[in-house]
Amino acid sequence: MYTDIKFKIALIDDEPSFLTMLKDFILQRYPNAQVNTYGSGEEAVEKIFERQDLIIIDYQLDSVNPAAMNGIQVLQRLKQMYPETPVIFISASENPEVAAHTIKFGAYDYLIKNEHTFQKAEILLNNILTHDSLKKNLGTQRFFNRLLVFLLIALFAGILIISFTK
């Protein structure tokens, strides 16, 4: 359904094999997607220069390097730069408190790394693309509604002018 739409996704995970698998999965389902991968939060914050349509972040980016920014810190920095961009967290932690914590800080959703992760990510991506499409259509609809109101006012004013000049 959304395979022809062009959109940008940033994937941030300190596990290179997972990054590759997720990128390959997304590109297989959405060939027109532009997928950029980052091995750390610092790299992502430094290199993301334009709004992404979606950002997917590993919650425990500091598991390999304890001095690295964790997922929440990356989320906060990216939300400062691009507050409207939806962010999905992916983590091996099944702790509901962790999921609630990410949502509290502005994440769109939280996925657990398991055998269903990619399918759930696809569902979320479709939801996000649908939402973006609806927002764009709503903007177009508003424009045409305003144009219609303007034309009706102009028509009504023209009728009034003609009736007063007779």
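This report concerns the structure included in the present document.

A word on the environment of methionine 81. With respect to the secondary-structure elements, methionine 81 resides in helix 3 (residues 71-81). You can call methionine 81 partly exposed: its relative accessible area is 36%. Placed 32 residues apart in sequence, methionine 81 and phenylalanine 49 show a C-alpha to C-alpha distance of 9.0 Å.

Okay, the sheet that holds strand 1 (residues 7-12) next. Spatially, five strands are ordered 2-1-3-4-5 in an open sheet, and the strand pairing comes out parallel. Because the sheet does not close on itself, it has two edges, and the strands there are strand 2 (33-38) and strand 5 (109-112). Along the sheet, successive strands turn relative to each other by an average axial angle of 20°, direction set aside. Pairing between strand 1 and strand 2: six bridges, direction parallel. Residue pairing in the sheet places alanine 10 in a bridge with asparagine 36 of strand 2. Helix 3 contacts strand 1, strand 3 (54-58) and strand 4 (87-91) of the sheet and is inclined by roughly 160° relative to strand 3. Strands strand 4 and strand 5 of the sheet are contacted by helix 4 (residues 96-104), whose axis makes an angle of about 150° with strand 5.

Further remarks concern helix 3. Where helix 3 is concerned, the buried positions are Gly71, Ile72, Val74, Leu75, Leu78 and Lys79. All buried residues of helix 3 fall inside an arc of 155° around its axis, so they share one side. If you follow the buried residues of helix 3, they end up packed against strand 1, helix 2 (41-47), strand 3, strand 4 and helix 4. Two to three positions downstream of the cap, the backbone nitrogen of isoleucine 72 sits 3.0 Å from a side-chain oxygen, assigning the N-cap of helix 3 to asparagine 70.

Attention now goes to the side chain of aspartate 53. For aspartate 53, the location among the structural elements is in the loop between helix 2 and strand 3. Here the side chain of aspartate 53 touches lysine 8 through a polar contact of 2.7 Å, landing on its backbone nitrogen.

Considering all chains together, one arrives at seven salt bridges under this definition. The closest approach of N and O atoms between glutamate 122 and arginine 29, which form a salt bridge, is 3.3 Å. One end of the pair, glutamate 122, is in helix 5 (residues 117-165); the other, arginine 29, is in helix 1 (residues 16-29), with 93 residues separating them in the sequence. For lysine 113, the salt bridge goes to aspartate 58, with nearest N and O atoms at 3.7 Å. Placement of lysine 113 in the loop between strand 5 and helix 5 and of aspartate 58 in strand 3 is noted, with a sequence separation of 55 residues between them. Residue classification places lysine 113 among the partly exposed residues on the basis of a relative accessible area of 22%. Under the relative-accessibility criterion, aspartate 58 is labelled buried at 6%. Overlapping salt bridges bring together Asp13, Glu15, Asp58 and Lys113 as one network.

Cut-off values and rules
Residue numbering note: each chain is counted from 1, following its sequence as written. The model is predicted, so local features are restricted to residues of pLDDT at least 70 and side-chain atom pairs to those at 80 or more, both for listing and for counting; the totals for chains, interfaces and linings are taken over all residues. To get the side-chain values, all heavy atoms of the structure are used, and hydrogens and water are removed first. Helical segments are the DSSP runs of H or I of at least four residues, strand segments are the runs of E of at least two, and each set is numbered from the N terminus. Each residue gets one of three labels from its accessible area relative to the maximum for its type: buried under 20%, exposed over 50%, partly exposed in between, using a 1.4 Å probe on protein chains only. Strand pairing requires that DSSP identify at least two bridges connecting the strands. Lines fitted to C-alpha atoms define the axes, with helix axes restricted to the stretch in contact, and inter-axis angles between N-to-C directions lie between 0 and 180 degrees. Whether two residues touch is decided by their heavy atoms; if any such pair falls within 4.5 Å, the residues are in contact. To be clear, the arc concerns the directions from the helix axis to the C-beta atoms. What qualifies as a polar contact is a pair of N or O atoms within 3.5 Å, subject to a donor-acceptor requirement within protein and to the restriction that residues adjacent in sequence count only when both atoms come from side chains. Salt bridge criterion: a side-chain nitrogen from Lys or Arg within 4 Å of a carboxyl oxygen from Asp or Glu.

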